[in-house]
Amino acid sequence: MTTRITRQRDSIHLFLKFLVHHIESGGVSEAALRQELQLKEGWLESLGRDDLLELTPRFLQTAQRLLDDDLLCLHAGERFHFCLAGAGGLAATHAPTPAMALETFSRFVSTEGVRVTSSASEEQTIFTVAVVAPWPRATKEQIVDGVFSGLVAALAAVCGSPCAPQEVRFNRAAPQSKESFARALRGPLLFGCPYDEIVMETRELSKASLLYEPMLYEQLRFIADLSTDQPAGTSPLRQLVEQAIRSGGHAVESVADTLQMTRRTLQRRLQKEGVTFRTVLHEVRVGMAKELLTESKLSVTEIAQRLHYSDDKAFRKAVKAITGKTPTELRGERAQLLD
């Protein structure tokens, strides 16, 4: 499973708005912060995305100094909740499972500076954070800390109980003190790793959420979709089925169970929309395959296994049928773009 943060509200705007709230709760007014940064009143709404990206390092440095908190983003992330993303975040809070909550949240937040992808097997789901904005290393590390602690806090809110990672991996040297990291991230910490990653148990992300209410969730998703660029003609039911598949359900029984329907009811409702579960599964798996081929370093064999294809041959045939290209050709195109 690969999750890309896309659509609706830019996460840099969301991130800075949340930090302003966190800073004010720490005793520093927005006016004082604005004066230090020489910003006009209403700056957060008036500045464009590029300006906010450029401002972020100076904003963090100033906020850290005013609050005397070198781990500002880590501490702010501990107070994060999906609902901060508006209707999309509220929908995520009422998703059937934590995995679908993450998938829902990702659909309604976009970013130019940070990429969060995930790769799931039956045992583990690994979230990889890549900060691609041209920020100083110290700023990038702060952002990673905030994403990690915010992810743990948001999942705990959805699960209704502490959500402890199996491992948290950092692409940096170990700090002198790890106590704050251990408290915020609730899992074993590893430093000096190739990537910034947080590893969760897949079964924990597949558990039923205590906050799931089918009708409320579908209505909130509909409201959030009104303000996005969702393609016309995509039914709410099909979106929910696609989302459940992306969250790990490759069998009609598991998807129906996640959506709290019987298999027969799900198939009947899809049939009314002129589509079968097998068709939706096929299209979603190929879409996920394209994302994994272009955004991960997993081998073709590993991708085929994670997407539950019987073998490499079946995987290659499915990709070629929809895209007109082999997995190797798709990966090669992406490599050329990055050169």
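Since the structure is predicted, the reported quantities are computational estimates derived from the model, not experimental observations.

S.K.: Tell me what's going on with the pairing of strand 7 (residues 196-201), and back it up with residues and numbers.
M.R.: When you tally the buried positions in strand 7, you get five out of six residues, the bulk of the element. The sheet contact formed by strand 4 (residues 124-131) and strand 7 spans six bridges and is antiparallel. Residue pairing across strands places V129 opposite D196, the latter belonging to strand 7. Examined bridge by bridge, strand 5 (residues 167-170) and strand 7 share three bridges and lie antiparallel to one another. By the bridge assignment for strand 7, R169 is matched with E197.

S.K.: Residues and numbers for the pattern of salt bridges, please.
M.R.: Inspection of every chain in the model, using the stated rule, returns twelve salt bridges. A salt bridge links E141 to R137; the nearest nitrogen and oxygen atoms lie 3.1 Å apart. Of this pair, E141 and R137 both sit in helix 8 (residues 137-159), four residues apart, which is roughly one turn of that helix. Between K207 and E204 there is a salt bridge whose closest N-O contact spans 3.1 Å. Residue E204 is classed as partly exposed on the basis of its relative accessible area, which comes to 26%.

S.K.: Outline the sheet that holds strand 5, supporting the account with residue identities and numerical values.
M.R.: The strand order across the open sheet built from five strands is 3-4-7-5-6, with neighbouring strands paired in mixed fashion. The open sheet has two edge strands, strand 3 (114-120) and strand 6 (189-191), and neither has a second partner. Averaged over all pairs of adjacent strands, the angle between their axes in this sheet comes to 15°, without regard to strand direction. In the sheet, strand 3 pairs with strand 4 via seven bridges, with the strands oriented antiparallel. By the bridge assignment, V116 is partnered in strand 4 with V129.

How each quantity is defined
- Residues numbered from 1 in each chain as written.
- Predicted model: local features only at pLDDT ≥ 70, side-chain atom pairs only at ≥ 80, totals over all residues.
- Heavy atoms only, no water.
- Buried < 20%, exposed > 50% of the residue type's maximum accessible area, 1.4 Å probe, protein only.
- Helix = DSSP H or I, 4+ residues; strand = E, 2+ residues; numbered from the N terminus.
- Pairing = 2+ DSSP bridges.
- Salt bridge = Lys/Arg side-chain N within 4 Å of Asp/Glu carboxyl O.
- Axes fitted to C-alpha atoms, helices over the stretch in contact; angles between N-to-C directions.

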